[in-house]
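A look at the structure
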Amino acid sequence: MPAFVIPRLTVVGAGPGDPELITLKGARILAEADVVLYDALSNAELLSHARPDAKKVYVGKRKGLRGYLQQEINDLIVLYARVHGHVVRLKGGDPFVFGRGREEMLYAQRHGLQTDYVPGISSAVAAAGSVGIPVTHRGLSESFRVITATTATGELSEEIYEAARAPRTTAVILMGLSQVQAIADVFCRFGGAHRPAAVIQDGTLPTARMISTTVAELPARVAAASIGAPAVIVIGDVVNLASAPQAADLVPELAPLYAAVA
């Protein structure tokens with residue numbers, strides 16, 4: 001144990017799953033850490049960026065499994081920082097997108113720690129993009145909104161209702177798999193039964209799976225395919241782009257050119 005340490009916390013976004021999607025800065029900060037506290041959505045391969053002698057502590061939380069409470073994680077951050085120095089909190093996606101990253105930083109600051117933040121690629125955009133679905137596309141989507149399915153008290157978010165009333169907006173719903181029937185019911189109530197919808201499980205990973213259907217059929221398709229978390233729900237016309245044909249099919253007159261340069 002060092003004789004003198006400067007207690008500090010860096011909250012690092014691990015990205016959406018693919019270990020190559022962490023930022024260069026994130027990898028560098030991991031290599032400087034004395035302690036890494038990592039969660040269930042961080043690809044374990046990312047720990048190879050940390051020093052061999054760095055402490056690596058799993059503090060993950062998954063629905064249905066016993067994990068650390070948020071207060072316990074906050075206290076561990078402070079404890080490890082005071083004893084060892086630089087704590088890196090490695091969190092899936094971007095820690096400021098429904099990740100409680102700023103909450104952890106504020107707690108650490110109140111207890112005398114220096115803090116910093118390294119953004120990560122959010123699954124809110126990357127999971128859909130990895131299967132060819134852009135969250136915006138000219139002529140199909142004028143905006144996109146990222147929504148957590150439930151509130152802190154477990155109720156369906158009011159933002160689901162707002163999204164259902166906005167057919168020109170792509171709805172990206174995180175942590176919503178257990179609420180897929182309720183979500184579909186809301187969209188159907190506001191005339192969205194036939195809107196394209198998709199669920200992407202393990203986006204950006206080799207194990208990725210996707211189902212693409214309509215809102216009305218989404219709950220049954222999810223159940224039939226045994227789709228599990230982590231998964232992202234995308235609702236909007238952009239979903240139809242997931243199965244877009246190849247460029248040579250889109251522009252037949254260019255097919256000879258593609259053949260010439262192949």
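Residues numbered from 1 in each chain as written. Predicted model: local features only at pLDDT ≥ 70, side-chain atom pairs only at ≥ 80, totals over all residues. Heavy atoms only, no water.

Under an unreviewed UniProt entry, the name given to the protein chain is uroporphyrinogen-III C-methyltransferase, and the source organism is Solirubrum puertoriconensis. For the protein chain, the Sequence similarities (unreviewed entry) comment in UniProt is given as "Belongs to the precorrin methyltransferase family." In its Pathway (unreviewed entry) section, the UniProt record describing the protein chain reads: "Porphyrin-containing compound metabolism; siroheme biosynthesis; precorrin-2 from uroporphyrinogen III: step 1/1." (UniProt positions renumbered as here; feature names shortened; annotations may be inferred.)

Here we look at the overall build of the protein chain
Secondary structure summary: the protein chain contains 9 helices and 10 strands in total. Counting every position in the protein chain, which comprises 262 residues, the buried fraction comes to 46%. Residue pairs at least 24 apart in sequence account for 66% of intrachain contacts in the protein chain once pairs closer than 6 positions are excluded. (Helix = DSSP H or I, 4+ residues; strand = E, 2+ residues; numbered from the N terminus. Buried < 20%, exposed > 50% of the residue type's maximum accessible area, 1.4 Å probe, protein only. Contact = heavy atoms within 4.5 Å.)

Digging into the sheet that holds strand 10 (residues 231-235)
Within the open sheet, the 5 strands sit side by side as 6-7-10-8-9. Their pairing is mixed. Edge positions in the open sheet fall to strand 6 (143-148) and strand 9 (209-214), since each of these has one partner strand only. The sheet shows a mean angle of 15° between the axes of neighbouring strands, direction not considered. Inspection of the sheet shows strand 7 (residues 169-174) paired to strand 10 by 4 bridges, in the antiparallel sense. Note that in strand 10 the partner of Val172 across the bridge is Val234. (Pairing = 2+ DSSP bridges. Axes fitted to C-alpha atoms, helices over the stretch in contact; angles between N-to-C directions.)

Overview of helix 6 (residues 180-189)
Along an α-helix, residues three or four positions apart point the same way, because every turn accommodates 3.6 residues. Those residues of helix 6 that fall on the buried side of the exposure criterion are Val180, Ile183, Ala184, Val186 and Phe187. The arc enclosing the buried residues of helix 6, seen along the axis, measures out at 160°, which places them on a common side. Once helix 6 ends, the next one or two residues include Gly191, with phi positive near 80°. (Arc of directions from axis to C-beta.)

What about the nonpolar core?
Within soluble globular proteins, side chains that are nonpolar generally end up buried alongside one another. Within the largest apolar cluster, 26 residues are counted, with the highest numbers of intra-cluster contacts made by Ile183, Phe187, Val199 and Ile235. Broken down by secondary-structure element, the contributors of at least two residues to this core are helix 5 (158-164), strand 7, helix 6, strand 8 (196-201), helix 7 (218-225) and strand 10. Broken down by element, this core gets its largest block of residues, 5 residues, from helix 6. Leave out the neighbours within four places in its chain, and Ile183 touches Ala149, Leu156, Ile160, Ile173, Gly176, Ile233 and Ile235. With 17 residues, the next largest nonpolar core counts Leu9, Leu37, Val78 and Met105 among its residues. (Core = buried A, V, L, I, M, F, W, Y, C linked by side-chain atoms within 4.5 Å.)

Some remarks on the pairing of strand 10
The buried fraction of strand 10 amounts to 5 of the 5 residues, a majority that puts the element mostly inside the structure. Across the two faces of strand 10 the burial is the same, with Ala231, Ile233 and Ile235 and Val232 and Val234 all buried. Of the pairings in the sheet, the one linking strand 8 to strand 10 comprises 5 bridges and is antiparallel in character. Directly across from Ile200, in strand 10, lies its bridge partner Val232.

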